[in-house]
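Residue strings, one per chain:
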2 protein chains.
Amino acid sequence: MSQPDKRRKILDAAVRVFAQNGFYNSKVSQIAREAGVADGTIYLYFKSKEDILVQVFMDTMEQALRIQEDALAGLECPVERLRRFIRVHFESVSQSPALAEVITVELRQSSKFMRGTDMKPFGRYLGIIARIVSDGQARGLFSPTCQPRRVARMLFGAVDELALEWAMDDRGTALEDAWGETASIFLDGLLVRPSVARDAAPTLSPNTTTTPATPQKEDLA
Amino acid sequence: MSQPDKRRKILDAAVRVFAQNGFYNSKVSQIAREAGVADGTIYLYFKSKEDILVQVFMDTMEQALRIQEDALAGLECPVERLRRFIRVHFESVSQSPALAEVITVELRQSSKFMRGTDMKPFGRYLGIIARIVSDGQARGLFSPTCQPRRVARMLFGAVDELALEWAMDDRGTALEDAWGETASIFLDGLLVRPSVARDAAPTLSPNTTTTPATPQKEDLA
DNA sequence: GCGCGCTGAATGGCGGTTCATTCAGGAGGC
DNA sequence: GCCTCCTGAATGAACCGCCATTCAGCGCGC
């Protein structure tokens, strides 16, 4: 009646507590209280306090991977895939900010001294982006000069930073339109179109002035 | 003979130790040993262990700000300013990886429970980027639709993530060419030029195929 | 001999982990 | 149906090691 049920309750409680105090300032007994469970019970399900964190991380990452894989399943075009990825990431984050905060903040900390814990799931998450990029390059859509792996890391950093800001400070501002802006920068860049005629003075303003390549339709999930 | 000298030694030692073990797994006595100083001495210069971290953060941030302000002093063009900013950031990081690691990793952690410690310096760092962006918009160079503050955050995230990766794992790979790639993505995007004629089939290949707007000369520091 | 900068052994408490104990519910004998 | 015996999940008070912080004293320069 309780086995996996209780594990979940503890994990959820842990996420809340970690998000509020950070891993090291969280007491196991507080997690227990929050989960409605005795201190000792926790050690029936987890090896140690640190193990809780690892499992939170693993669970979340695996879920995120599944969600992305599902979301991208139908799409062909790398451009659309990239946009979708970004949107889904933000959506996942806004689903449970506390979780996002823990992953985002604690993940870094952890990966330092958790040598031993395999960060594979994270690598796979990056891999999704990297594959989109290299695929886009193969089709001649994306600039062939950039390293997919690096772009993946870059994009993840950007997206993660925005998510963190949102989760920590200004829960008020809309995270919803962050995704569009992020996508448009990564696809089109900051620069306004007429980049070829860079040093040519604005002789005649071509009709290109406002043509961000972004307005592809991208309807519902 | 030692007042500010010793403070520095302790700070430097702390950076090394924190970088290796993370803040919470670092022992004050280890910092002391590393600094060639007695445990108690540390408390002559710092209120607490946490205070050491705060000061590392403050010092570093202030230095980073100074460096960027100096580096950008002469430049007018927002495009060049942005590129310079990115390059200088990476250069700073590669100057002392340990420091970068601490700032990058611990900063997040910290800002959670260090409510009270003002994160102003970090805000100012973001502010530099934001100003470049809004300036670029004012001059019609950058897309007017994006929020400078958000772009700043995004860029910082990207750059920080790359720096972290470099500092932690693959110290081997060249951080040097990361800056160029980052700049080119943020300025030009991933997409290969002919964005206007999106759905038009490749009727005639225009000469635009390989024209990343990046090849501005950007010589030495 | 005084004070200042420094020392490092001692301390105090904090909190992760353990483990003797409890108790709900299931199986089986009558 | 009811009582008894088991089982193992759950409990939570106590334990114990760890480490940030303190402070009584030491030496050195004046």
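Our subject is the structure listed above.
Residues numbered from 1 in each chain as written. Chains lettered and ligands numbered in written order. Predicted model: local features only at pLDDT ≥ 70, side-chain atom pairs only at ≥ 80, totals over all residues. Heavy atoms only, no water.

Grouped together as the largest cluster of nonpolar side chains are 132 residues, with contacts concentrated most on A:I31, A:I42, A:I52, B:I31 and B:I52. When residues no more than four places from it in sequence are discounted, the contact partners of A:I52 are A:L11, A:A14, A:F18, A:I31, A:I42 and A:F46. (Core = buried A, V, L, I, M, F, W, Y, C linked by side-chain atoms within 4.5 Å. Buried < 20%, exposed > 50% of the residue type's maximum accessible area, 1.4 Å probe, protein only. Contact = heavy atoms within 4.5 Å.)

Residue and element names in this part refer to chain A. Contact pair helix α5 (residues 78-95) / helix α8 (residues 148-168): the axes reach a minimum separation of 10 Å and the direction vectors enclose 30°. Between α5 and α8, the crossing angle belongs to the class labelled roughly parallel. Here the hand of the crossing between α5 and α8 comes out right-handed. Counting all contacts with α5, which are made through L82, I86, H89, F90, V93 and S94, the residues of α8 involved are L155, F156, V159, L162, A163 and W166. The class makeup of the residues in the contact of α5 with α8 is 10 nonpolar, 2 polar and no charged. (Axes fitted to C-alpha atoms, helices over the stretch in contact; angles between N-to-C directions. Helix = DSSP H or I, 4+ residues; strand = E, 2+ residues; numbered from the N terminus. Parallel < 35°, antiparallel > 145°, perpendicular 65-115°, else oblique. Left-handed = near helix turned anticlockwise from the far one by under 90°. Nonpolar A, V, L, I, M, F, W, Y, C, P; charged D, E, K, R; others polar.)

Attention now moves to the packing of aromatic side chains. Counted under the stated rule, the structure contains 12 aromatic pairs over all chains. Ring geometry for A:F186 against B:F186: centres 5.4 Å apart, planes inclined by 65°, an arrangement best described as edge-to-face. Remark: B:F186 occurs in helix α9 (residues 176-188) and A:F186 occurs in helix α9 (residues 176-188); the pair is interchain, linking two chains. Ring centres of B:F23 and B:Y24 lie 4.9 Å apart, and the angle between their planes is 80°; on these two criteria the pair is classed as edge-to-face. The class for B:F23 is buried, based on a relative accessible area of 4%. A network of ring pairs unites the aromatic residues A:F18, A:F23, A:Y24, B:F18, B:F23 and B:Y24 as a single cluster. Of note, A:K49 hangs over the ring of A:F23, and the distance from its end group to the ring centre comes to 4.7 Å. Sitting over the face of the ring of A:W179, A:R87 holds its NZ or CZ atom 5.4 Å from the ring centroid. (Phe/Tyr/Trp six-rings, centres within 6.5 Å; stacked < 30°, edge-to-face > 60°. Lys NZ or Arg CZ within 6 Å of the ring centre and 35° of its normal.)

This part covers the pattern of salt bridges. Residues and elements named next belong to chain A. Tallied over the entire structure, the rule returns 24 salt bridges over all chains. Between R8 and D59 there is a salt bridge, with its nearest N and O atoms 3.5 Å apart. Here D59 lies in helix α4 (residues 49-72) and R8 lies in helix α1 (residues 3-21), a separation of 51 residues in the sequence. Taking relative accessible area as the criterion, D59 reaches 25% and is therefore assigned partly exposed. (Salt bridge = Lys/Arg side-chain N within 4 Å of Asp/Glu carboxyl O.)

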